[in-house]
Amino acid sequence: MSEQDCLFCKIVNGDLAADIVYENDTLIAFRDIDPKAPTHILLIPRRHIATMNDLQDGDESLSGELLLAATRIAADEGLADEGYRVVMNCNAAAGQSVFHIHLHLMGGRTMTWPPG
Ligand code: AMP
């Protein structure tokens, strides 16, 4: 899929509306349109990266920023003490459906393990 057709690039560019909870120069966090938990937020880099397999040397800072932003948003959403889950699906077998990497931040209910 090209960046032009990428759903999440459209959110980055402002061509598609999203319920944004946080953004900075590197990333955007917005509420999942079909939440799988009472709180379900997606964190994406502004830059189009299709899958985790496409992360490269030099993306260490970006990867860390996504994780750190998730912890801060979890705290803002009141999830830090009770707990939350952070997931990134890579490719079809893992359930990836949008090919612009995104960290799922989910909380507000008890999670089971292992995930399906
Ligand atoms: P994944 O299956 O890991 O690729 O996750 C993609 C996620 O994107 C799913 O949880 C969808 O509900 C979510 N999603 C798809 N389209 C939108 C959208 N326009 N705004 C917010 N979330 C979306």
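Up top is the structure.
Here goes a summary of the coordinates provided. Keep in mind that what you see is a predicted model, and the values were worked out from it rather than measured.

What follows deals with the site of the ligand. Around the ligand there are 17 residues in total, and Asp-32, Asn-89, Gly-95, Ser-97 and His-104 lie nearest to it. One nitrogen or oxygen atom from the main chain of Ile-33 is found 3.1 Å from a nitrogen atom belonging to the ligand. At a separation of 3.0 Å, an oxygen atom of the ligand approaches a polar backbone atom of Val-98. Elements supplying a minimum of two residues to the shell around the ligand: α1 (7-13) and β2 (27-31). Residue composition of the shell around the ligand, by class: seven nonpolar, six polar and four charged.

The next subject is a nonpolar patch on the surface. On the surface, Leu-67, Tyr-84 and Val-86 cluster together into a nonpolar patch covering about 240 Å² of accessible area. Judged by its relative accessible area of 32%, Val-86 is partly exposed.

The five strands lie next to each other as β1-β2-β3-β5-β4, forming an open sheet whose pairing is antiparallel. With one partner strand each, in any of the chains shown, β1 (20-23) and β4 (84-87) form the two edges of the open sheet. Averaged over neighbouring strand pairs, the angle between their axes works out to 15° when direction is ignored. Taken together, the four bridges between β4 and strand β5 (residues 103-107) define a ladder with antiparallel strand orientation.

This brings us to the side chain of Arg-85. Tracing the chain through its elements places Arg-85 in strand β4. Glu-82 is the oppositely charged side chain nearest to the buried, salt-bridge-free Arg-85, at an N-O distance of 12 Å. At 2.9 Å, the side chain of Arg-85 and the backbone oxygen of Thr-112 are in polar contact. Those residues in contact with Arg-85 that lie beyond four places of it in its chain are His-104, Leu-105, Met-106, Met-111, Thr-112, Trp-113 and Pro-115.

Rules and cut-offs
- All residue numbers refer to position in the chain's written sequence, counted from 1.
- Predicted model: local features are reported for residues with pLDDT of at least 70 only, side-chain atom pairs are reported and counted for 80 or more only, and whole-chain, interface and lining totals are derived from all residues.
- Just so you know, side-chain values use all the structure's heavy atoms and leave hydrogens and water out.
- Nearness is defined per residue: one heavy atom within 4 Å of the molecule or strand is enough.
- A 3.5 Å cut-off defines polar contacts: any pair of N or O atoms within that distance qualifies, except that in protein one atom must be a possible hydrogen donor and the other a possible acceptor, and neighbouring residues in sequence count only when both atoms are side-chain atoms.
- Runs of E in the DSSP output that reach at least two residues are strands. Runs of H or I that reach at least four are helices, and both are numbered from the N terminus.
- Residues are sorted three ways: Asp, Glu, Lys and Arg are charged, Ala, Val, Leu, Ile, Met, Phe, Trp, Tyr, Cys and Pro are nonpolar, and all the rest, Gly among them, are polar.
- Nonpolar side chains (Val, Leu, Ile, Met, Phe, Trp, Tyr) within 5 Å and like charges within 9 Å form the patches, drawn only from residues with over 30% relative accessible area and no salt bridge.
- Only the protein chains shown count as cover for residues, and the accessible areas themselves come from Shrake-Rupley with a 1.4 Å probe.
- Definition used for salt bridges: Asp or Glu carboxyl oxygen within 4 Å of a side-chain nitrogen of Lys or Arg.
- For every residue, the accessible area obtained with a 1.4 Å probe (protein chains only) is divided by the maximum for its type, and the residue is called buried under 20%, exposed over 50%, and partly exposed between those limits.
- Paired strands, in this sense, are two strands between which DSSP finds at least two bridges.
- Throughout, an axis means a line fitted to C-alpha atoms (over the contacting stretch in the case of helices), and angles, computed between N-to-C directions, take values from 0 to 180 degrees.
- By the counting rule applied here, Lys and Arg register as positive and Asp and Glu as negative, while His and the ends of each chain are not counted.
- We call two residues in contact whenever any of their non-hydrogen atoms come within 4.5 Å of each other.

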